[in-house]
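Architecture at a glance
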Amino acid sequence: MNAPGFCRDCLSDAPKGDRCPACGSPRLVRHGELDTLSVAHVDCDAFFAAVEKRDDPSLVDVPLIIGGGKRGVVSTACYIARIKGVRSAMPMFKALALCPEAVVLKPNMEKYRTAGRQVRAMMQQLTPLVEPLSIDEAFLDLSGTQALHGASPARTLARFAQAVEKEVGITVSVGLAANKFLAKIASDLDKPRGFSVLGQEEAAAFLAPRPVTFIWGVGAAFGGKLAKDGFHTIADLQRAAPADLARRYGAEGLRLSRLAFGLDTRAVEPEREAKSVSAETTFERDMGALRPLEQTLYALSEEVSDRLKHAGIAGRAVTLKLKSADFRLRTRSRTLEAPTCLAARINGAARELLAKEVDGTLFRLIGVGVSDLCPIADADPADLVDTSTERLKAAEGAMDELRARFGRGALTRGILLDATTDRRKKK
Amino acid sequence: MKVTVERAELLKSLSHVHRVVERRNTIPILANVLIKAGKNGLELKATDLDLEVVEIVPAETGQAGATTVPAHVLYDIVRKLPEGAQVQLEAGGERGTLTVKASRARFSLQTLPEADFPDLAAGEFSHTFKVKGADFRRLVDKTQFAISTEETRYYLNGIYLHVTEGAGGKSMLRAVATDGHRLAQAELEAPAGAAGLPGVIVPRKTVAEIQKLLEDKEAEATVSLSTTKIRVQVGSIVLTSKLIDGTFPDYGRVIPQGNDKTLIVDKDEFAAAVDRVSTVSSERGRAVKLSLAEGKMTLSVTNPDSGSATEELEVDYTAEPLDIGFNSRYLLDITSQLEGDTAELKLADPGSPTLVRDSTRTDALYVLMPMRV
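Given the structure is predicted, the values throughout are model-derived calculations rather than measurements.

Criteria and thresholds
Residues numbered from 1 in each chain as written. Chains lettered and ligands numbered in written order. Predicted model: local features only at pLDDT ≥ 70, side-chain atom pairs only at ≥ 80, totals over all residues. Heavy atoms only, no water. Phe/Tyr/Trp six-rings, centres within 6.5 Å; stacked < 30°, edge-to-face > 60°. Buried < 20%, exposed > 50% of the residue type's maximum accessible area, 1.4 Å probe, protein only. Helix = DSSP H or I, 4+ residues; strand = E, 2+ residues; numbered from the N terminus. Pairing = 2+ DSSP bridges. Axes fitted to C-alpha atoms, helices over the stretch in contact; angles between N-to-C directions. Contact = heavy atoms within 4.5 Å. 1 Å grid on protein atoms, 1.4 Å probe; cavity = no way out; pocket = protein on both sides within 12 Å on 5 of 7 lines; lining within 4 Å. Points joined across faces, edges and corners; volume = space filled by probe spheres on them. UniProt positions renumbered as here; feature names shortened; annotations may be inferred. Polar contact = N/O pair within 3.5 Å; in protein donor to acceptor, adjacent residues only side chain to side chain. Left-handed = near helix turned anticlockwise from the far one by under 90°. Nonpolar A, V, L, I, M, F, W, Y, C, P; charged D, E, K, R; others polar.

1. Quick notes on the packing of aromatic side chains
All names here are of chain A. Tallied over the entire structure, the rule returns 11 aromatic pairs over all chains. On the basis of an interplanar angle of 55 degrees and a centroid distance of 5.9 Å, the ring pair of F47 and F48 is categorised as tilted. As far as the burial class goes, F47 and F48 line up, both buried. Geometrically, the ring pair formed by F48 and Y112 is stacked, given 4.2 Å between the ring centres and 15 degrees between the ring planes. With F48 in helix 1 (residues 47–55) and Y112 in helix 4 (residues 109–126), this residue pair connects regions lying 64 residues apart in the sequence. Since its relative accessible area comes to 12%, F48 is described here as buried.

2. A short note on the sheet that holds strand 3 (residues 39–44) of chain A
All names here are of chain A. Taken together, the five strands give an open sheet; going across it, the order is 7-8-3-9-10, and neighbouring strands pair in mixed fashion. Taken across any chain shown, the strands that pair with only one partner, and hence form the sheet edges, are strand 7 (130–134) and strand 10 (195–198). Geometrically, the sheet is characterised by an average inter-axis angle of 20 degrees between neighbouring strands, direction not taken into account. Most of the contacts of helix 6 (residues 153–167) go to strand 9 (residues 172–177), to which it runs at about 170 degrees, and overall it touches strand 3, strand 9 and strand 10.

3. Description of the layout of surface pockets
The space that makes up the second largest pocket amounts to roughly 680 Å³. What lines the second largest pocket is a set of 28 residues, and nearest its centre among them are R334, E337 and R345 of chain A together with E150 and T152 of chain B.

4. Observations regarding the UniProt feature "active site" (unreviewed entry) in chain A
Residues and elements named next belong to chain A. The UniProt record marks E137 with the feature "active site" (unreviewed entry), using the residue numbering of this structure. Mapped onto the fold, E137 is located in strand 8 (residues 137–141). Non-local contacts of E137, meaning those with residues more than four positions away in its chain, are made with H41, V42, D43, P132 and K184. A polar contact is formed between the side chain of E137 and the side chain of H41, at a distance of 2.7 Å.

5. Details of the packing of helix 11 (residues 242–249) of chain A against helix 12 (residues 251–259) of chain A
All names here are of chain A. Helix 12 packs onto helix 11 with a crossing angle of 145 degrees between their chain directions and a minimal axis gap of 6 Å. Judged by the twist between their axes, the crossing of helix 11 over helix 12 is right-handed. Contacts from P242, L245, A246 and Y249 in helix 11 reach A251, E252, G253, L254 and S257 in helix 12. Partitioned by chemical class, the residues of the contact of helix 11 with helix 12 number six nonpolar, two polar and one charged.

6. Concerning empty space enclosed by the protein
Per the stated rule, a full pass over the model turns up four cavities of 30 Å³ or more. Considered as a void within the structure, the largest cavity measures approximately 60 Å³ in volume. Residue lining of the largest cavity: F136, L139, V140, I159, L161, A175, V202, V207, I210 and I230 of chain B, and that is the complete set. The set of elements that each furnish at least two residues to the lining of the largest cavity consists of helix 3 (133–144), strand 11 (158–165) and helix 4 (204–213) of chain B. A breakdown of the residues in the lining of the largest cavity according to their chemical character gives 10 nonpolar, no polar and no charged. Approximately 50 Å³ is the volume attributed to the second largest cavity. For the second largest cavity, the full set of lining residues is Y298, E302, S305, D306, K309, A343, E396, M399, D400, R403 and R413 of chain A.

7. Some points on the UniProt feature "binding site: Mg(2+)" (unreviewed entry) in chain A
Residues and elements named next belong to chain A. Within this numbering scheme, the UniProt entry marks D43 and D136 as carrying the feature "binding site: Mg(2+)" (unreviewed entry). These annotated residues cover 94 residues of sequence, and their C-alpha atoms all fall within 6.1 Å of one another, placing them together at a single site. Position of D43 among the secondary structure elements: in strand 3. In this structure, D43 is in contact with D136, E137, V172, S173, S187 and K191, ignoring residues within four places of it in sequence. With respect to the helices, strands and loops of the structure, D136 is situated in the loop between strand 7 and strand 8. On the accessibility criterion, D136 (16% relative accessible area) is buried. D136 has contacts with V42, D43, C44 and F47, leaving out every residue within four places of it along the chain.

8. Quick notes on the sheet that holds strand 13 (residues 329–340) of chain A
Residue and element names in this part refer to chain A. As summarised here, the arrangement of the four strands in space is 11-14-12-13, forming an open sheet in which the pairing is antiparallel. A single partner strand is all that each edge strand has here, and the edge strands are strand 11 (276–287) and strand 13. Sheet twist, expressed as the mean angle between neighbouring strand axes with direction ignored, is 15 degrees. In the packing of helix 13 (residues 290–311) onto the sheet, the strands contacted are strand 11, strand 12 (313–324), strand 13 and strand 14 (363–375), and the crossing angle to strand 11 comes to about 155 degrees.

As structure tokens, this is what we get:
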């Protein structure tokens with residue numbers, strides 16, 4: 001049986017054989033539904049590490065870990081380090097035990113954001129339907145772009161992957177399928193520099209032997225509940241009547257019964273507007289005292305405020321996030337009287353929430369976020385009684401101006417001067 | 001305890017006291033109403049520890065005594081009893097229950113001991129004055145809408161009541177409330193006994209209860225104050241409440257004195273126009289823009305999500321043209337408090353507080369913070 005196929009290096013037809021008849025490359029992609037599928041998930045390979053290796057050729061052949069110091073966690077490990085078993089979110093000491101020769105770099109978010117934006121812009125040249133999931137991955141819907149690009153979505157994507165390698169200097173993996181659920185799975189199958197296709201016809205059989213937690217949205221808790229009810233693999237879900245799953249788990253059950261067969265009708269939604277702006281950091285050493293916690297919190301509040309001001313937005317709800325040494329997550333929120341973008345206001349609310357949580361518990365992570373967003377014009381309205389808002393606005397405006405001119409270090413709040421905390425991992 | 005009381009009397013009184021009782025209570029006895037039968041009649045008392053209402057209703061006491069029962073349940077029972085029924089309350093029988101009997105219906109309610117019922121020790125009041133119910137009600141009505149609900153500024157969560165020298169040099173009893181966006185001030189000539197009154201902040205819930213007590217316009221209210229408590233007595237009802245322990249801001253400097261642009265507008269026309277154009281405004285941004293030019297005001301609202309609206313009004317305005325934005329809801333709140341036919345707005349610039357009042361009265365005024373438009 002001859003399925004449609006092409007060479008990912010020279011893009012010429014390659015309906016059969018192990019190597020491209022034109023250029024001899026073994027990087028062929030062949031699939032029965034290759035010419036009809038149009039939803040893709042594109043994921044940059046070991047993104048942070050790839051950007052660093054691009055910028056420093058001496059790093060190319062050594063294991064590279066991007067993350068915090070001794071105490072932080074791994075945010076990205078390059079593929080060489082992954083061979084030794086290093087994984088994202090792994091505590092740094094464990095990663096270094098597995099791979100002592102690794103080079104560790106602190107993340108340089110500004111650099112990654114620039115590269116991420118570059119990749120995003122290239123995606124948007126393929127289709128307006130780009131749904132970013134994070135800085136380095138997105139869903140693309142290329143339906144109806146065949147005439148525009150003069151090629152099937154599959155070939156357009158292969159050409160795009162080549163272009164990213166050439167122009168940005170990093171590699172991506174592409175998953176092509178009929179819907180978002182399968183595309184996301186597909187992009188993970190052939191990493192790095194991969195291109196894999198998961199057709200609707202093979203989906204059910206492909207999914208059947210996998211554990212239920214393979215399904216997006218089924219975590220440890222829900223997975224445990226499913227296992228208790230006798231659903232261990234996706235095949236178990238395929239055998240169950242949809243009505244039965246619906247009765248047991250409500251709407252979620254119905255969703256499961258469809259996903260088990262690889263059916264997913266969610267559309268690729270471009271322009272996901274930011275719902276919140278947040279910053280967080282993991283400490284070098286666990287902390288329990290208010291002073292160091294509030295210092296870090298202040299620095300994070302300034303960061304969130306900066307990003308809000310730059311985006312021209314403000315928010316009304318302030319959320320404090322704490323993770324204790326035993327990995328228990330605490331989030332506490334407060335709704336303000338009026339939306340704000342001021343660091344002092346964000347910090348004020350978050351600090352009040354923090355004070356109530358300081359009870360001797362040791363924390364490993366602290367974060368602050370602002371949600372319930374609105375345009376900056378509606379933020380921090382003048383108050384009849386409290387004239388501090390106007391003063392704060394003027395003061396922060398002046399600080400921002402000085403920093404813009406002389407650099408971030410030009411001006412520092414007193415609260416940060418005796419700060420011993422360091423901030424490694426940012427989000 | 002054994003007492004017989006007319007349903008209508010009992011219902012009216014329970015409707016006063018049961019409102020004080022919070023729907024959710026962590027302390028069980030606070031969900032109860034204290035009922036006490038004596039030779040003066042039947043006394044009902046409810047409290048939330050900050051506010052207490054006591055009322056005595058005429059009743060025929062067979063045997064004096066007291067107990068407490070769930071307030072909302074008793075209120076609901078009495079409400080559903082047939083009109084004109086005689087209600088018999090009897091306690092002291094077995095298992096600490098209160099029996100409620102009326103015509104052929106019979107209820108048995110769990111009680112909690114009277115001795116556990118908290119008492120809001122009123123202490124001494126330093127000042128007492130009598131005021132016409134309608135007058136006192138007016139002070140409260142005119143300012144109540146501006147009370148803040150913001151918990152961090154708890155000292156704005158009530159009406160600031162104090163005696164001050166008014167514009168005419170007379171001693172005035174003045175009420176002020178503000179939430180930072182708007183401020184309302186109403187006053188009346190200080191009644192005898194009010195001189196030297198300490199400035200006090202009456203909490204929002206108490207304000208609402210006082211409004212209910214003063215529904216009868218002919219009633220006379222006796223108001224007693226100390227630095228920590230207020231007591232309002234109307235007929236056989238006595239309301240006692242704690243005050244907010246805080247300092248009300250120096251509101252005097254908020255009231256603009258030098259605003260030189262005067263706008264006179266027909267109050268009802270203005271309110272109707274604001275209401276109409278704000279139909280297209282979003283839930284979040286309630287701003288309405290007033291564009292003032294000689295003899296003319298153009299109201300406009302632009303909502304990128306739904307559309308826009310404009311309306312023109314003939315007004316009395318001769319100062320230089322000005323564009324200024326206000327929250328439409330706040331404008332409507334204020335115009336609905338004005339008593340005369342025309343409203344007077346004193347404006348300075350688009351960023352400064354604006355003064356609003358009746359063009360013919362001086363005993364109430366409002367200040368409104370503009371919005372950016």
